[in-house]
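# Descriptive structure summary
Residues per chain are reported as follows:
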Amino acid sequence: MKKIIILLLTVLPLIACNNVAKTQKAEVKTIPVPTFSADSAYKFVKAQVDFGPRVPNTKAHDECAEYLVSELKRFGAEVTEQKANLKAFDGTILKSENIIGSINPSAENRVLLFSHWDSRPWADNDPDPKNHKTPVMAANDGASGVGILLEMVRLMQTDKPTIGVDVIFFDSEDYGATENMKGQDTEDSWCLGTQYWAKSPHIPGYTARYGILLDMVGAPNAVFYREQASDYFAPSVVTKVWSQANSLGFGKYFIDQPGGSITDDHVFVNKITGIPSIDIIHYDPNSNTGFGNYWHTTFDTMDNVDKNTLNAVGTTLMHVVYNEK
Ligand SMILES: [Zn+2]
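Below or above, wherever it landed, is the structure these notes cover. Not measured: the values here are computed from a predicted model.

### Topic: the overall build of the chain
Each helix and strand counted, the chain has 9 helices and 8 strands in total. Here the chain holds 325 residues, and 54% of them are scored as buried. Of the contacts made within the chain by residues no fewer than 6 positions apart, 78% connect residues no fewer than 24 positions apart. Only carbon and sulfur atoms are counted for the fraction: they give 54% of the accessible area of the chain, which is about 14800 Å².

Structure below.
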């Protein structure tokens, strides 16, 4: 008996070791990351711009909403249309729609990716004051982030990531008041769709490991600094994304230095839901506004969207998502 026990004891650790080895092997197994297509993402950006400025309460806005919903469905996502009448700072009721696409909807561990899809109704930063009431085409400030996310959902249809992914296109982000406008100028006049969702998410008690916002992610030679609110609420997520970008050779886009602090959708997601969220946003330390010179002007057109930048951001995010276990 003794011998057997000894034998068992010697065999058991071997079995245990073997199991450990197997487990470790399973953990290091990497899921192939589908190749991001910048051509495809570019087409998704252009398709939105072709509707015209997607200003709430306009035909172009409604048509684009239908397009985004049908594309998400076509790529196999579970779609939720969250409609709400939201009151703008000037009293206008904005017929808004947050569009949510879920991949692996039953997975417990989830990542949230988001962008705003509406266009600003006023090019109030245009150098020509005559254009200050003209709607912004928002090729970069809106459509670029949505285009990258649509391409990611398209790729996830064939080779699903391990974790669940929720993509949200938020509405009525860019209807906010600036200092030169009459009316109440508060931070809360921006990001109305996001504020609404964060207070009443599409799934009660919704949570995610972290959230990533894409905003103005398509300009030629855009640079993304570590945005300060992101670094305050979710420094490890910023580090994860910026190091992934650097290891893929996109260090000229993702600058590992502090940038500005920006009131954007991620701030409300952080403050209201507690999901640690970051903002990948084109920041120009040399411009007066902190943004690219196209920001809230009539030049925010397709000329302002570059496939190399879409590729840098899209490829980085594909690796980030597919590395999640
Ligand atoms: Zn904007």
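### A word on the coordination of the zinc ion
Distances from the zinc ion to its protein donors, D141 (OD), D174 (OD), D174 (OD) and H296 (NE2), fall within 2.0 to 2.6 Å. One can describe the donor arrangement at the zinc ion as irregular, given that its 4 donor atoms subtend angles of 55 to 152° at the metal. Judged by its relative accessible area of 3%, D174 is buried.

### Looking at helix α8 (residues 265–273)
If you check which residues of α8 are buried, you get D265, H266, V267, F268, V269 and N270. Among the structural elements, β3 (110–116), α5 (192–199), β5 (210–215), α6 (228–233) and β8 (277–281) are those in contact with the buried residues of α8. Remark: G274 follows α8 within two positions and exhibits a positive phi of approximately 80°.

### Some points on the environment of H61
Among the structural elements, H61 can be located in helix α3 (residues 59–74). Relative accessible area serves as the criterion here: at 2%, H61 is assigned to the buried category. The sequence separation of H61 and S96 amounts to 35 residues, and the corresponding C-alpha distance is 9.2 Å. Once residues lying within four places of it in the same chain are set aside, the contact partners of H61 are R54, V55, P56, K95, W117 and D171.

### Let's talk about the pattern of salt bridges
As enumerated under the stated definition, the model contains 12 salt bridges in all. For the salt bridge of E71 with R74, the shortest nitrogen-to-oxygen distance reads 2.8 Å. Of this pair, E71 and R74 both sit in helix α3, 3 residues apart, roughly one helical turn. In this structure, R209 engages E324 in a salt bridge whose closest nitrogen and oxygen atoms are separated by 2.5 Å. Linking R209 in the loop between α5 and β5 with E324 in the segment after α9 (307–322), this pair joins segments that are 115 residues apart in sequence. We classify E324 as buried; its relative accessible area is 6%.

### A short note on the side chain of D279
Among the secondary structure elements, D279 is positioned in strand β8. Buried charge without a salt bridge: D279, with K271 as the nearest opposite-charge side chain at an N-O distance of 13 Å.

### Describing the packing of aromatic side chains
Enumeration according to the criterion identifies 12 aromatic pairs in this entry. Centroid distance F114 to F170: 5.7 Å. Interplanar angle 80°. Geometry classified as edge-to-face. Placement of F114 in strand β3 and of F170 in strand β4 (residues 164–170) is noted, with a sequence separation of 56 residues between them. Overall, the relative accessible area of 0% leaves F114 in the buried class. Look at F170 and you get buried, because its relative accessible area is 0%. Between F224 and F254, the ring centres sit 5.2 Å apart and the planes meet at 50°, which makes this aromatic pair tilted. With F224 in strand β6 (residues 224–226) and F254 in strand β7 (residues 254–258), this pair connects stretches of sequence that are 30 residues apart. Of the two residues, F224 and F254, both sit in the buried class.

### Here we look at the nonpolar core
Where a protein is soluble and globular, its nonpolar side chains tend to be buried together. Core analysis: the largest hydrophobic core is formed by 70 residues, its most contacted members being M152, F169, I212, F254 and I280. In terms of residues, this core owes the most to one element, helix α4 (residues 139–158), which gives 10 residues. Those residues in contact with I280 that sit more than four places away from it in its chain are I212, L213, L214, D215, V217, F224, V241, W242, F254 and L317.

Conventions adopted
Residues numbered from 1 in each chain as written. Predicted model: local features only at pLDDT ≥ 70, side-chain atom pairs only at ≥ 80, totals over all residues. Heavy atoms only, no water. Helix = DSSP H or I, 4+ residues; strand = E, 2+ residues; numbered from the N terminus. Buried < 20%, exposed > 50% of the residue type's maximum accessible area, 1.4 Å probe, protein only. Contact = heavy atoms within 4.5 Å. Areas by Shrake-Rupley, 256 points an atom, 1.4 Å probe, with all protein chains shown as cover. Donors = N, O, S within 2.8 Å, 3.2 Å for Na, K, Ca; no water. Tetrahedral: all angles 85-135°; square planar, octahedral: opposite > 155°, others 65-115°. Salt bridge = Lys/Arg side-chain N within 4 Å of Asp/Glu carboxyl O. Lys, Arg positive; Asp, Glu negative; His and termini not counted. Phe/Tyr/Trp six-rings, centres within 6.5 Å; stacked < 30°, edge-to-face > 60°. Core = buried A, V, L, I, M, F, W, Y, C linked by side-chain atoms within 4.5 Å.

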